[in-house]
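Okay, here's what each chain looks like letter by letter:
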Amino acid sequence: MKQEIINVYLMPGMAANPIIFEHIKLPEDQFKIHWLEWMIPNKKETLESYAKRMIATYIKHDDIVLLGVSFGGILVQEISKHLTLRKLFVVSSVKSKHELPKRMKVMKFTKAYKILPTQLVSNIDFLAKYAFGETVTKRIELYKKYLSVSDKRYLDWAIENVIEWDQEEPNKDAIYIHGDKDAVFPHSCVGNCIVIKGGTHIMVINKYKWFNENLPKLILQ
């Protein structure tokens, strides 16, 4: 009897393309990986509307596994409200609005995010700081490779929807995975969470071996 193939959809973080998942490999006799990509949001589109549009555009299977990184982790939590999933993984992200760092809470209160210079997207340092939590040093070529969504409308929308995200409680069905060295969301290791020692905000890139080893077991348990 032929084994059922489990479809695994992967959503990258803010401004990132799905090449961040290039080293994620799962046994091909059990899993099929599908990369998701950011779409340009419609004018004044809500996160809920965007999540539904992602489902209609990209998700072609039932009973899927969905994994999202950073802002992609916020998005997959929204998508999960409109789909029945086999498993939901939220990586290097937040479980609720209460875990957003203080600087983002201040920006929410002051609405300062509305004046961020997102037109400077050609400045890869600016983009890397907001997407990966690091300034560019020797890794500028790495960032150019992974950060390709530089549309101003998308960036304005993405930053606003991170800061204004209003989820009160963690998703009880989600598996949260976080690094203890995450500089973007430093408060997300608390509570129901798998903590990866030495994991940074980009651990899906540089700790991919952990995911390759552990994701199959977590999906099947």
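Cut-offs used in this document
Residues numbered from 1 in each chain as written. Predicted model: local features only at pLDDT ≥ 70, side-chain atom pairs only at ≥ 80, totals over all residues. Heavy atoms only, no water. Helix = DSSP H or I, 4+ residues; strand = E, 2+ residues; numbered from the N terminus. Contact = heavy atoms within 4.5 Å. Areas by Shrake-Rupley, 256 points an atom, 1.4 Å probe, with all protein chains shown as cover. Buried < 20%, exposed > 50% of the residue type's maximum accessible area, 1.4 Å probe, protein only. Pairing = 2+ DSSP bridges. Axes fitted to C-alpha atoms, helices over the stretch in contact; angles between N-to-C directions. Disulfide = S-S within 2.5 Å. Core = buried A, V, L, I, M, F, W, Y, C linked by side-chain atoms within 4.5 Å. Phe/Tyr/Trp six-rings, centres within 6.5 Å; stacked < 30°, edge-to-face > 60°. Salt bridge = Lys/Arg side-chain N within 4 Å of Asp/Glu carboxyl O.

*Asks:* Help me understand the overall build of the protein chain in this model?
*Replies:* Each helix and strand in the protein chain was counted, giving 8 helices and 6 strands. When the elements of the protein chain are put in sequence order from the N terminus, they spell out β-β-α-β-α-β-α-α-α-α-β-β-α-α. By sequence separation, contacts in the protein chain at least 24 residues apart represent 64% of the contacts at least 6 residues apart. Carbon and sulfur atoms provide 54% of the accessible area of the protein chain, an area that totals close to 11100 Å².

*Asks:* Before we go on, may I ask you to explain helix H2 (residues 71-79) in this structure?
*Replies:* For an α-helix, 3.6 residues make a turn, and residues three or four places apart therefore share a direction. Judged by how many residues are buried, H2 sits mostly within the fold: 9 of 9 residues are covered. Residues of H2 that are buried include every one of Phe-71, Gly-72, Gly-73, Ile-74, Leu-75, Val-76, Gln-77, Glu-78 and Ile-79, and no others. For H2, the elements touching its buried residues are strand S1 (6-11), helix H1 (47-58), strand S3 (65-69), strand S4 (87-91), helix H6 (152-163) and strand S5 (174-179).

*Asks:* Got a minute to help me understand the sheet that holds strand S6 (residues 194-196) in this structure?
*Replies:* Strand pairing in a sheet relies on backbone hydrogen bonds. The paired strands run either parallel or antiparallel. What the 6 strands build is an open sheet, ordered S2-S1-S3-S4-S5-S6; its pairing is parallel. Where the open sheet ends on each side, the last strands, each with one partner, are strand S2 (31-35) and S6. Averaged over all pairs of adjacent strands, the angle between their axes in this sheet comes to 20 degrees, without regard to strand direction. Where S4 and S5 come together, 4 bridges link them in parallel fashion. Within S5, the position partnered with Phe-89 by the bridge is Ile-175. Across the sheet, H2 lies against S1, S3, S4 and S5, angled at about 145 degrees from S3, the strand it touches most.

*Asks:* What's the story with the state of the cysteines in this structure? I'm lost.
*Replies:* Under the defined criterion, the tally for this structure stands at 0 disulfides. Here Cys-189 stays unpaired: no disulfide links it, and the sulfur of Cys-193, its closest cysteine neighbor, is 5.4 Å away.

*Asks:* Just checking my understanding: could you explain the nonpolar core for this structure?
*Replies:* Across soluble globular proteins, you tend to see nonpolar side chains buried next to one another. In this structure, Trp-38, Leu-66, Phe-71, Leu-75, Phe-89, Tyr-154 and Ile-177 are the most contacted members of the largest nonpolar core, which totals 68 residues. Per-element tally for this core: the top contributor is H6, with 7 residues. Among residues more than four places away in sequence, those in contact with Ile-177 are Phe-89, Val-90, Val-91, Ser-92, Cys-193, Ile-194, Ile-196, Met-203, Trp-210, Phe-211 and Leu-218.

*Asks:* Explanation requested: the pairing of S5 in the structure shown.
*Replies:* Within a regular beta strand, the side chains point alternately toward one face of the sheet and then the other, so they alternate between its two faces. S5 sits mainly inside the fold: 6 of its 6 residues count as buried. Neither face of S5 is open: one carries Ala-174, Tyr-176 and His-178, the other Ile-175, Ile-177 and Gly-179, and all of them are buried. Bridge count between S5 and S6: 3 bridges; the pairing is parallel. Counted as the bridge partner of Ile-177 is Ile-194 from S6.

*Asks:* Would you mind showing me how to read the packing of aromatic side chains here?
*Replies:* Geometry of an aromatic ring pair is reported as the spacing of the ring centres plus the angle between the planes. According to the stated counting rule, one finds 7 aromatic pairs in the structure shown. Judged by centre distance (6.2 Å) and plane angle (35 degrees), the ring pair of Trp-38 and Tyr-50 falls under tilted. One end of the pair, Trp-38, is in the loop between S2 and H1; the other, Tyr-50, is in helix H1, with 12 residues separating them in the sequence. No difference in accessibility class separates Trp-38 from Tyr-50, as the two residues are buried. Ring plane angle 35 degrees and centroid distance 4.3 Å describe the contact between Tyr-50 and Trp-157, whose orientation is recorded as tilted. Of this pair, Tyr-50 sits in helix H1 while Trp-157 sits in helix H6; the two residues are 107 residues apart in sequence, bridging distant segments of the chain. You'll find Tyr-50 and Trp-157 in the same group, each marked buried. An aromatic cluster is built from Trp-38, Tyr-50, Phe-71, Tyr-154 and Trp-157, whose rings are joined through pairwise contacts.

*Asks:* I would appreciate a short explanation of the pattern of salt bridges in the present structure.
*Replies:* Two side chains with opposite charge may pair up if their charged atoms get near one another. Evaluated as defined, the whole model comprises 10 salt bridges. Between Glu-4 and Arg-86 there is a salt bridge whose closest N-O contact spans 3.0 Å. Residue Glu-4 is found in the segment before S1, and its partner Arg-86 is found in the loop between H2 and S4; the two are separated by 82 residues along the sequence. Given a relative accessible area of 51%, Glu-4 falls into the exposed group. Among the residues examined, Arg-86 registers a relative accessible area of 26% and is labelled partly exposed. One salt bridge in this structure joins Glu-78 and Lys-81, with 2.8 Å as the shortest N-O distance. Because the salt bridges share partners, they merge into one network encompassing Glu-4, Asp-63 and Arg-86.

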